[in-house]
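# An overview of the molecular structure
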Amino acid sequence: MTDANPRKKKKKAPFLKRMANRGREAKALGQVLANEPRSFPSELLKLIKRSLRTVWDARGGGLYACGFLITFVFLEFRMFFVDIYEAKSASEYFSSQVSELLFKYIGESFQNTISAFMWPVYIIEIHPAWGAGILAAMFVLFPKFLKEPLERWLFVEDRKTGPDDSC
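What this report covers is the structure whose coordinates are included nearby. Source: prediction; values computed, not measured.

Conventions used here
- Residues numbered from 1 in each chain as written.
- Predicted model: local features only at pLDDT ≥ 70, side-chain atom pairs only at ≥ 80, totals over all residues.
- Heavy atoms only, no water.
- Axes fitted to C-alpha atoms, helices over the stretch in contact; angles between N-to-C directions.
- Helix = DSSP H or I, 4+ residues; strand = E, 2+ residues; numbered from the N terminus.
- Parallel < 35°, antiparallel > 145°, perpendicular 65-115°, else oblique.
- Left-handed = near helix turned anticlockwise from the far one by under 90°.
- Contact = heavy atoms within 4.5 Å.
- Nonpolar A, V, L, I, M, F, W, Y, C, P; charged D, E, K, R; others polar.
- Phe/Tyr/Trp six-rings, centres within 6.5 Å; stacked < 30°, edge-to-face > 60°.
- Buried < 20%, exposed > 50% of the residue type's maximum accessible area, 1.4 Å probe, protein only.
- Lys NZ or Arg CZ within 6 Å of the ring centre and 35° of its normal.

### A word on the packing of helix α1 (residues 15–35) against helix α2 (residues 40–58)
One way to put it is that α1 packs onto α2 with a least axis distance of 9 Å and a crossing angle of 165 degrees. Considering their axes alone, α1 and α2 lie roughly antiparallel with respect to each other. In this structure, α1 meets α2 at a crossing whose hand is left-handed. Facing α1, whose interface residues are Glu 25, Leu 29, Val 32 and Leu 33, α2 presents Phe 40, Glu 43, Leu 44, Leu 47 and Arg 50. A class-by-class count of the residues in the contact of α1 with α2 yields six nonpolar, no polar and three charged.

### Some details on the packing of aromatic side chains
Geometrically, a pair of aromatic rings is defined through the distance of the ring centres and the angle of the planes. For the structure shown, the criterion picks out six aromatic pairs. Seen in terms of ring centroids, Phe 68 and Phe 117 are 4.9 Å apart; in terms of plane orientation they differ by 45 degrees. Their pairing is tilted. Of this pair, Phe 68 sits in helix α3 (residues 63–86) while Phe 117 is found in helix α4 (residues 90–117), placing the two residues 49 residues apart along the sequence. Taking relative accessible area as the criterion, Phe 68 reaches 4% and is therefore assigned buried. Judged by its relative accessible area of 32%, Phe 117 falls in the partly exposed class. An aromatic cluster of at least three residues, connected via ring pairs, comprises Phe 68, Phe 72 and Phe 117. We note Lys 49 situated over the ring of Trp 153; from NZ or CZ to the ring centre the distance is 4.8 Å.

See below:
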């Protein structure tokens, strides 16, 4: 029997291996910035798209995944800019980020993840009747008009290499 989904779910790598991979990706991105600054934006976009694909697949690849991604990115950017705004100087910002990285940043990112899971609630909170109607319309319209273009953009590298047909 063949699977209709060309992107098969892979077994998740151990946590330490995933973190080591993230470290290698960050190091490679830093080297690109230092050695080939013109190619940095495209390499950064590739890294972002890989991260978005991971979250997209983990959340089911539908409207819920899209809402989760948008909400999470918004909350992370807001957290970042609030930290910059509240800092009295650049040196204070960087020293506070280094000292608080393990506790504050990870804790706030975890809180942002929980909040992003609840993104439909935020839409309904705006105005319950209109919010529920908008949410229902989004669930009907998203798969018809937005899902395919988003997947085409996110998974363009998968189509270039083609599915793995080896047995």
